[in-house]
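Notes for the structure review
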Amino acid sequence: MTHFRARKFRRGPLPFRYVILISFVFFLLSTAAGLWIVNYGIKPTLTRYAESQTKKIAPIVISKAVKEVIPNVKDIREITEMVQNGSGGSSVQYKTDIINQIQADITRAIQLNLKQAEAGNLDALTEETGVEFDYESSSQGEGIVYSFPLGQATNNALLGNLGPRIPIRFTAIGDVTTNVDTRVEQYPINNMFVTISIQVQVNVQIIIPFGTKEAVVQQEVPIAIGLYPGDVPQFYNNSGNTNPSIQFPKQDNSP
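Only a predicted model underlies this, so the values are computations on that prediction, with no experimental measurement involved.

Details of the overall build of the protein chain
Helix and strand counts for the protein chain come out as 4 helices and 9 strands. Secondary structure elements of the protein chain occur, N-terminal to C-terminal, as α-β-β-β-α-α-β-α-β-β-β-β-β. Per-residue burial over the protein chain gives 29% buried out of 255 residues. In the protein chain, 59% of the contacts between residues at least 6 apart in sequence involve partners at least 24 apart.

Digging into the environment of Ser91
Here Ser91 is to be found in strand 3 (residues 90-94). Judged by relative accessible area, Ser91 falls into the partly exposed class, the value being 30%. Once residues within four sequence positions are removed from consideration, Ser91 is found in contact with Glu81, Met82, Val83 and Asn85.

A short note on the packing of aromatic side chains
Considering all chains together, one arrives at 0 aromatic pairs under this definition. Note that Arg77 overlies the ring of Tyr228, its terminal NZ or CZ placed 4.8 Å from the centroid.

A look at helix 2 (residues 96-118)
Here helix 2 is 23 residues long and its end C-alpha atoms lie 33 Å apart, about the 33 Å a rise of 1.5 Å per residue gives. All of the buried residues along helix 2 are Ile99, Ile102, Gln103, Ile106, Thr107, Ala109, Ile110, Asn113, Leu114, Ala117 and Glu118. Two residues or fewer past helix 2, Gly120 is found with a positive phi of approximately 110°.

Considerations on the confidence of the model for the protein chain
Detailed reading of the predicted coordinates is not advisable wherever pLDDT is low. Put simply, the protein chain has an average pLDDT of 75, and 70% of its residues get 70 or more. Every residue in residues 242-255 is under pLDDT 50, and counting partners more than four places away or in other chains gives 5 contacts.

Brief notes about the pattern of salt bridges
Counted by the stated rule, this structure contains 8 salt bridges. Residues Lys64 and Glu68 are paired through a salt bridge, measuring 3.3 Å at the closest nitrogen-oxygen approach. One end of the pair, Lys64, and the other, Glu68, are both in helix 1 (residues 16-69), 4 residues apart, so they sit about a helical turn from each other. A residue is classified by how much of its surface remains accessible, and Lys64, at 31% relative accessible area, is partly exposed.

Brief notes about a nonpolar patch on the surface
Side chains of Tyr18, Leu21, Ile22, Phe24, Val25, Phe27, Leu28 and Leu29 sit close together on the surface and give an oily, nonpolar patch of about 810 Å² of accessible area. Turning to its location among the elements, Ile22 is positioned in helix 1.

Regarding the side chain of Thr47
Inspection of the secondary structure assignment puts Thr47 in helix 1. According to the relative accessible area criterion, Thr47 is buried, its value standing at 17%. When residues no more than four places from it in sequence are discounted, the contact partners of Thr47 are Ile208 and Lys213.

Considering the pairing of strand 6 (residues 165-172)
With 6 bridges joining them, strand 5 (residues 144-149) and strand 6 adopt antiparallel strand pairing. Note on strand 6: the bridge partner recorded for Val145 is Arg169. As judged from the 4 bridges shared by strand 6 and strand 8 (residues 191-208), these two strands associate in the antiparallel manner. Residue Phe170 lies in a different strand from strand 8, and its bridge partner there is Ile206.

Examining the side chain of Glu51
Position of Glu51 relative to the elements: it lies in helix 1. Those residues in contact with Glu51, other than ones at most four positions away along the chain, are Ile206, Lys213 and Ala215.

Reading guide: rules and limits
- Residues numbered from 1 in each chain as written.
- Predicted model: local features only at pLDDT ≥ 70, side-chain atom pairs only at ≥ 80, totals over all residues.
- Heavy atoms only, no water.
- Helix = DSSP H or I, 4+ residues; strand = E, 2+ residues; numbered from the N terminus.
- Buried < 20%, exposed > 50% of the residue type's maximum accessible area, 1.4 Å probe, protein only.
- Contact = heavy atoms within 4.5 Å.
- Phe/Tyr/Trp six-rings, centres within 6.5 Å; stacked < 30°, edge-to-face > 60°.
- Lys NZ or Arg CZ within 6 Å of the ring centre and 35° of its normal.
- Expected span 1.5 Å × (residues − 1).
- pLDDT = per-residue confidence, 0-100.
- Salt bridge = Lys/Arg side-chain N within 4 Å of Asp/Glu carboxyl O.
- Patch = residues over 30% accessible without salt bridge, like charges linked within 9 Å, V, L, I, M, F, W, Y side chains within 5 Å.
- Areas by Shrake-Rupley, 256 points an atom, 1.4 Å probe, with all protein chains shown as cover.
- Pairing = 2+ DSSP bridges.

Structure follows, in structure tokens:
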């Protein structure tokens, strides 16, 4: 008769290679879960904050370029003149050659300043914005690179300087678009207030560690403002809504 002796298995610690394998798998799963949480939870907040910061920096680049072309707003009489029309009235005539030249100079200056900023020339922006730029990354042609603590995206004063620094990069996409806008407003009585401005539009691409977004930066640049006074009419009744105020001479009824 054969007897089978039951063998007892004693549980011990897992082999080291299994521990390493399980730890590696757990690390991969936790990293993937963390990235998923960051992507869907923090990404919208980071994108909004990065867009707001970019739209604060880009107008300063535009303003700096405009000051190089037009240090001060011009008087309206430098680029316009009043001409008499056939009906006896007057109208504003624009000196288009001067306006077109200013528009071309401003467009060229903005493009040049953007290229210089993307090449690492950020001293003026640092002084005016207080943003911490990454000079090394910017000088390598990676666009305008800056960073901010993750806590600033929470808009909480207590957490503003906490957390790792998040790098943000933005660069201009395509050429700078400019258009001339003229406005003539009637100012009582018989006065015309004329404004000539350049509408600037820059398309930028904002890149954060978890995504990218395209944004549009728009700015209005006044180049000439002025008032053309007209002759005051003898009677004025506010476009016919009220009766004119007429003062008759006093009559002398003395004998």
